[in-house]
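# Topology and contacts: notes
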Amino acid sequence: PKGPRGLVIGQVLKGARELTGTIEDIARARRRTPAQVAINWAMRKGTVPIVGARSVAQVRDNLGACSFKLSTAEVAELDAAGRKVRQPATQNIFMTS
């Protein structure tokens, strides 16, 4: 994205290149989208992800995350890449600990 949002996202993603690369690798291998892999990873961690959609295509893509299950090895690979992210997400009033 352009503007301030793009600047913030760019700063966060600098520290997350390995994680985003791992998500993309798994998505490619499974013929899924990166969003589906990320949503499925969150679900495998026992969370209920709250996702947004601006179109019917995005709704379908998000729902596709429920049609497969990441393997234990894939979850471990994503967890390991996630631990290497240097810039943690910003805490906000809607996040819980």
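Description of the structure in this document. (Residues numbered from 1 in each chain as written. Predicted model: local features only at pLDDT ≥ 70, side-chain atom pairs only at ≥ 80, totals over all residues. Heavy atoms only, no water.)

## Side note on the overall build of the protein
Worth spelling out the cut-off: Strands here are runs of E lasting at least two residues and helices are runs of H or I lasting at least four, both read from the DSSP assignment and numbered beginning at the N terminus. With a 1.4 Å probe rolled over the protein chains alone, any residue whose accessible area is under 20% of its type maximum counts as buried; one over 50% counts as exposed, and the rest are partly exposed. The contact criterion used throughout is that any non-hydrogen atoms of two residues lie within 4.5 Å. To be clear on the numbers: accessible area is Shrake-Rupley with a 1.4 Å probe, and residue cover counts the displayed protein chains and nothing else.
Helix and strand counts for the protein stand at five helices and zero strands. Across the protein, helices and strands are ordered from the amino to the carboxyl terminus as α-α-α-α-α. Here the protein, with 97 residues, has 24% of them falling under the buried criterion. Once local pairs closer than 6 in sequence are excluded, the contacts in the protein between residues at least 24 apart make up 70%. Entry remark: accessible area of the protein is about 7300 Å², with carbon and sulfur atoms responsible for 58%.

## Here we look at helix α5 (residues 72–83)
As a reminder, the rule being used: Under the convention used throughout, the expected extent of a helix is 1.5 Å for every residue step, that is, one less than its residue count. Arc, as used here, means the arc of the directions from the helix axis to the C-beta atoms.
For α5, with twelve residues, the first-to-last C-alpha span of 16 Å sits near the 16 Å given by 1.5 Å per residue. Every buried residue of α5 is listed here: Glu74, Val75, Leu78, Asp79 and Ala81. Along α5, the residues classed as buried sweep out an arc of 165 degrees about the axis, all on the same side. Summarising the geometry of α5, the exposed residues directed more than 90 degrees from the buried face are Thr72, Ala73 and Arg83. Those residues of α5 that are buried lie in contact with α2 (17–30) and α3 (34–44).

## Topic: the packing of α3 against α5
The cut-off we apply is this: With axes taken as lines fitted to C-alpha atoms, and helix axes fitted only over the stretch in contact, angles between N-to-C directions fall between 0 and 180 degrees. By the definition adopted for this analysis, an angle is roughly parallel if under 35 degrees, roughly antiparallel if over 145, roughly perpendicular if from 65 to 115, and oblique otherwise.
Contact geometry of α3 with α5 gives a least axis separation of 11 Å together with a crossing angle of 100 degrees. For the element pair α3 / α5, the angle class is roughly perpendicular. Contacts between α3 and α5 pair Val37, Trp41 and Arg44 from the former with Thr72, Val75, Leu78 and Asp79 from the latter.

## Let's talk about the environment of glycine 82
Note that glycine 82 resides in helix α5. By relative accessible area, which is 26% here, glycine 82 ends up partly exposed. Each C-alpha atom of the pair glycine 82 and glutamate 18 lies 8.1 Å from the other, and the pair is 64 residues apart in sequence.

## Things to note about the nonpolar core
Quick note on the threshold: The definition of a nonpolar core used throughout is a set of buried Ala, Val, Leu, Ile, Met, Phe, Trp, Tyr and Cys residues joined through side-chain atoms within 4.5 Å.
Leu19, Ile23, Ile26, Ala27, Val37, Trp41, Phe68, Leu70, Val75, Leu78 and Ala81 form the largest nonpolar core, which has eleven residues in total. Elements with a contribution of two residues or more to this core: α2, α3 and α5. Sort the elements by how many residues they give to this core and α2 lands first, with four residues.

## What to know about the pattern of salt bridges
Counted only if it meets this: Put simply, a salt bridge is a Lys or Arg side-chain nitrogen that is within 4 Å of an Asp or Glu carboxyl oxygen.
Evaluated as defined, the whole model comprises four salt bridges. Note that lysine 84 is salt-bridged to glutamate 18, the shortest N-O span being 3.2 Å. Here glutamate 18 lies in helix α2 and lysine 84 lies in the segment after α5, a separation of 66 residues in the sequence. The class of glutamate 18 is partly exposed, set by a relative accessible area of 44%. Aspartate 79 serves as the salt-bridge partner of lysine 45, at 3.0 Å between the closest nitrogen and oxygen. Of this pair, lysine 45 sits in the loop between α3 and α4 (56–63) while aspartate 79 sits in helix α5, and the two are 34 residues apart along the sequence. The class of lysine 45 is partly exposed, set by a relative accessible area of 47%.

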